[in-house]
Amino acid sequence: MTIRSTCRFEAALAGLLALFLTLAGNAQVPPPKPPGPPPPPLLRVFLDWPGADIEAMKTDIPFVALVPSLDAAQVRVAVRPEGPPPPEGQLRIELSGLGEFQGQNNVLTYTPGREEKPEDVRKGVAGLIDIGLLRYAAKMPVAKDLSVKFLDQTKPTSVNDKWNFWVFSLSGNAFLSGETQYRSQSYYASISANRTTPALKIRTQVYGNWSDSWFDLGDGTAYTSKTRGRGAYGLVVWSLGQHWSAGGYLEAESSTYSNTKMSLSAAPALEYDLFPYSESTKRQFRILYRIGLTRASYYAETVYFKTAETLLQESLNFAYEVVRPWGKASLQLQGSHFFHNVKFNRVELEGSLEFRVWRGLNLEINGSYTRIRDQLALSAEGASFEDILLRQKQLATGYDYSVSVGLNFSFGSTKSNVVNPRFGTGGRSISISM
Amino acid sequence: MRRPWACASALILGLAFFRLSGLAQTPPPAGSQNIDELKKTAVKVFIDCDDCDLDFIKTEITFVNYVRDRLEAQVHVLITTMATGGGGREYTLTFIGQNECRDLQDVQKYFSSKTDTDDEIRHGLVKILKLGLMSFVARTPIACRIAVDYTRPEAGAAGSDRWHAWVFSLSGDGSFSGEESYRRNMIDGSFSANRVTPGSKLKLGLSVDTSRQRFVTEDGIVTGTSSSYNASGLFVKSLGEHWSAGAFAEAMSSIYSNVDIGVTVAPAVEYNFFPYSQSTRRQLRALYKFNLTYADYREETITGKLRQFVAQQSLSLALDLREKFGTVSLEVEAQEYLHDLAKYRVNTFSVVNLRLYKGLSLYVIGGYSWIHDQIYLMGREATYEELLLRLRELPMSDNYFAAIGFQFQFGSIFTNVINPRFGSTGGGGLSIHMD
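Thresholds, definitions, all that
Residues numbered from 1 in each chain as written. Chains lettered and ligands numbered in written order. Predicted model: local features only at pLDDT ≥ 70, side-chain atom pairs only at ≥ 80, totals over all residues. Helix = DSSP H or I, 4+ residues; strand = E, 2+ residues; numbered from the N terminus. Expected span 1.5 Å × (residues − 1). Buried ≥ 20, exposed ≤ 12 C-beta atoms within 10 Å, placed from the backbone. Axes fitted to C-alpha atoms, helices over the stretch in contact; angles between N-to-C directions. Parallel < 35°, antiparallel > 145°, perpendicular 65-115°, else oblique. Left-handed = near helix turned anticlockwise from the far one by under 90°. Contact = placed C-beta atoms within 7 Å. Pairing = 2+ DSSP bridges. Nonpolar A, V, L, I, M, F, W, Y, C, P; charged D, E, K, R; others polar.

End to end, helix α3 (residues 118-137) of chain A covers 27 Å across 20 residues, agreeing with the expected 28 Å (1.5 Å per residue, within 8%). With respect to burial, α3(A) is a largely interior element, 14 of its 20 residues being buried.

Here it is as structure tokens:
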């Protein structure tokens, strides 16, 4: 049966390919490009500034070609004094796009300082023209040789903010799906208040989720599954220089999946980053220590004959992340244990790698392994057949793992920038993150 | 009262008698006090991008202020993407001037290649974003602290394309997870060969997916297996700015749908009410397909067939809009079998993600199908395990899914600060990614 279907499948495939190669033969091949690269053209600018030192301006604006007539220009730059005569007045700089840049205009002003010499004024105006011309240059090959630099460091908090960086957020979400014999609905809602400044980070949230699914078993009976969860958390982190941070977590949680009726915990924590935090978008190596006291009560008596207990737990977490031109990598190792019996512990290793091995060859690996010895909340009741198949209860286990490996090799004309949206681009993918 | 914006002043500049009120400072000494004062008058930017590394943008471009609400911004940067023939992406950055800068508009493009890594793409985007923002920055006093560097190029050779626009891609993925009483293994592989030019598009693809789940229960071990194969082809010829014609072809096999082997060839024609050149922002496409299908079933179907040859026609209408206020995508498709017109199906699909008013955003994603054409269903009933694990398609007259949500934010409008301490999770916020 299997062999037969494979053969048929291949035959059908060969037929298809033959059909398409015929079609491909009819496809229009664009004429070959003329050989030999022309020198990359510069932006042609006509500078209309009576009395200006054009030669000096050529040096000040190096990425354009100043042309003597308006006919040859792509952009006209007109500089005119405005208001009272210098030194009190200012200069009006008008940029007008011509030809392919028709309609792309801008008006800038330059106000010379009282002490400024004519040469400084020229340099200042040239600096503003430079910046104003970048939008046109960005559309030409010369763009790849240009870079923009900001000469200062600023504080991100240098703004006039009447809310003092507090952001409040309400969110509600519903996910519904169904067919004749199956229905599922889940809801998620949250309220949060966050404040982020370089010196202090505050995160607070209250959330709840409900999820039901319904199966028609065909024999007149139906099976319904329900999971519920709700909770709240707060996080405060103080910055202690470029490498250290201190703070604490407050959490309240309730979940039918993990048999937790209510769990309340408070955990102070301390973090050290081997790299300065300011490099965090490029690399981080954070070591986080956390010690927490938890009061937990359970829906059903646990396998350790508890319906409620107070627990002290500590954890240490190492997290390394790096983003580089070759790709990106992250590795995380976490260990934790309870104090009343150190045999109740957990070790978790997690890593991911996206690596460009060679040109079009990319490797992607994600993996995690957890050694689990701390399932204190596990219900003594066990799980039903449906609980297991629908994964609606946590089950006893000594480990869990997940590995995924992906390899992609692309070759051919991979630099082609042609966009052709006809007949659609082949499906959509939507992801919602909250 | 805040210091007046340079942009605002530049706007009024068009009027005859304009008195400048303290903007366009002389180049200040780079004292930290002064620069922080300048920063307060920097351009307010709203970055509207589903797929950008915003933290990186904010750490690299520090001469503007970032706001979380589009209406507060002086420039709304709408970044839309389309797939390119080379397998990369075309990023279209539309700079929409607002409030004091509403006279200023610009469009810039950036192309990533399929072989670019995330770091290369985010650097490329930051560069074009900086260049595009400069027209706005030039109107604020902080402009005097910007320098433009130009390195004179060496003569570079432009390569001719010896691959004639063909791009090939081979992928394999394996994913394995489990614990003591549960295991799930998934393996898939795919190959594609594409040739995309403005005049035509040719896409060939092959893919194989298998998945196996294993549960340990008191009654023994339950396993669930699903697998599917698919080979597909598409050829489209461009006929001007609004019309296209071509054909789809597919060979597939799927346990879920009870199809051992199904082969379909479908000539098709499409009309786009908007010019194709505006596709990154708006499309309204009507596509007519005429499908000829031969199917060989795994198990006898509900009508007692083991194989079948059928003709089917379908018409679909798809609207895609990407505007300042959000994303609207609506699609409706109707199909029917020609041998029995009562065997039909209507699919609808919608994505609406709107930024309605200050801080309030809303999304509705949904689909509803009327299904009266399941001629391929197997004759027997699904087992209990097949039912719970959703391994077999079941008879149905309709199906639906919906995701509805809202978010209301208030408080500080500025989002300049990156604080990575204790990890960056739990920031809240909602984002919808669409490809």
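The next point concerns the packing of α3(A) against helix α4 (residues 118-137) of chain B. Where α3(A) meets α4(B), the axes come as close as 8 Å, and the angle between the chain directions of the two elements is 135°. By the angle between their directions, the pair α3(A) and α4(B) is classed as oblique. The two elements α3(A) and α4(B) meet at a crossing, and its hand is left-handed. Here A:Ile131, A:Gly132, A:Leu134 and A:Arg135 of α3(A) come into contact with α4(B), specifically with B:Leu131, B:Gly132, B:Met134, B:Ser135 and B:Val137.

Here we come to α4(B). Taking 1.5 Å per residue, 20 residues should reach 28 Å; α4(B) reaches 27 Å between its end C-alpha atoms and fits that length. The complete set of buried residues in α4(B) reads B:Asp119, B:Arg122, B:Leu125, B:Leu129, B:Lys130, B:Leu131, B:Gly132, B:Leu133, B:Met134, B:Ser135, B:Phe136 and B:Val137.

Residues and elements named next belong to chain A. Within the secondary structure, Leu200 is located in strand β9 (residues 200-216). A C-alpha to C-alpha distance of 9.8 Å links Leu200 and Ala246, two positions 46 residues apart in sequence. Setting aside anything within four residues of it in sequence, one finds Leu200 in contact with Trp238 and Ser239.

Our next topic: the pairing of strand β18 (residues 398-411) of chain B. Taken together, the 13 bridges between strand β7 (residues 166-179) of chain A and β18(B) define a ladder with antiparallel strand orientation. Across the sheet, residue A:Asn173 finds its bridge partner in β18(B), namely B:Gly405. Relative to β18(B), strand β17 (residues 360-371) of chain B is paired through 11 bridges, and the arrangement is antiparallel. Bridging from a neighbouring strand, B:Val364 pairs with B:Ile404 of β18(B).

On to the interface of chain A and chain B, then. The extent of an interface is frequently quoted as the accessible surface area lost upon association of the parts. At the junction of the two partners, chain A supplies 152 residues and chain B supplies 156 residues. When its residues are assigned to classes, the side of chain A that touches chain B shows 71 nonpolar, 56 polar and 25 charged. The pairing of strand β6 (residues 146-150) of chain A with strand β6 (residues 146-150) of chain B spans 5 bridges and is classified as antiparallel. When the bridges of β6(B) are listed, A:Ser147 appears paired with B:Asp149.

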